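# Structural overview for review
What follows is the residue order along each chain.
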Amino acid sequence: MTVAFMTEIMRCVPGLNDDLIREHIARHEKHLEMLERKKELLANYKEVKQRQKQLNADLVYELQQPKENKNSSNLLSVED
């Protein structure tokens, strides 16, 4: 924080002293950091959920494949 910035704040909000202004700014910066962390966590969560959804879809697809194809490929390899 520059001196000019603090002077301007104290001029605009005359009832606050330096300590209160600095504390408010520190809390605001912490709030911004927490918002950024929240965005990161939500993005990670969505990515994991999407991967999980794709894995489930792949598993369902595999389970729905006819067993004949699986058995016939096994028989071919045994007969050779």
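Residues numbered from 1 in each chain as written. Predicted model: local features only at pLDDT ≥ 70, side-chain atom pairs only at ≥ 80, totals over all residues. Heavy atoms only, no water.

## Let's talk about the overall build of the protein
Scanning the protein from N- to C-terminus turns up three helices and zero strands. Across the protein, helices and strands are ordered from the amino to the carboxyl terminus as α-α-α. With an accessible surface of roughly 7,600 Å², the protein has 58% of that area assigned to carbon and sulfur atoms. (Helix = DSSP H or I, 4+ residues; strand = E, 2+ residues; numbered from the N terminus. Areas by Shrake-Rupley, 256 points an atom, 1.4 Å probe, with all protein chains shown as cover.)

## Quick notes on the packing of helix α1 (residues 3-12) against helix α2 (residues 18-64)
Viewed as axis vectors pointing N to C, α1 and α2 meet at an angle of 110°, and their least axial separation amounts to 11 Å. In terms of their interaxial angle, α1 and α2 are classed as roughly perpendicular. Contacts between α1 and α2 involve F5, M6, I9 and M10 from the former and D18, I21, R22 and I25 from the latter. For the contact of α1 with α2, the class distribution of residues is six nonpolar, no polar and two charged. (Axes fitted to C-alpha atoms, helices over the stretch in contact; angles between N-to-C directions. Parallel < 35°, antiparallel > 145°, perpendicular 65-115°, else oblique. Contact = heavy atoms within 4.5 Å. Nonpolar A, V, L, I, M, F, W, Y, C, P; charged D, E, K, R; others polar.)

## Some points on α2
An ideal rise of 1.5 Å per residue puts 69 Å on 47 residues; α2 measures up with 69 Å between its terminal C-alpha atoms. Two or three places before D19, at the opening of α2, N17 has a side-chain oxygen 3.2 Å from that residue's backbone nitrogen. (Expected span 1.5 Å × (residues − 1). Polar contact = N/O pair within 3.5 Å; in protein donor to acceptor, adjacent residues only side chain to side chain.)

## Brief notes about a nonpolar patch on the surface
The grouping of V13, L16 and L20 at the surface amounts to a nonpolar patch, some 220 Å² of accessible area in total. Inspection of the secondary structure puts L20 in helix α2. (Patch = residues over 30% accessible without salt bridge, like charges linked within 9 Å, V, L, I, M, F, W, Y side chains within 5 Å. Salt bridge = Lys/Arg side-chain N within 4 Å of Asp/Glu carboxyl O.)

## Remarks on the confidence of the model for the protein
When pLDDT is averaged along the protein, the result is 86; 84% of the residues meet or exceed 70. Here helix α3 (residues 67-79) is the element of the protein with the lowest mean pLDDT, 56, and α2 is the one with the highest, 95. (pLDDT = per-residue confidence, 0-100.)

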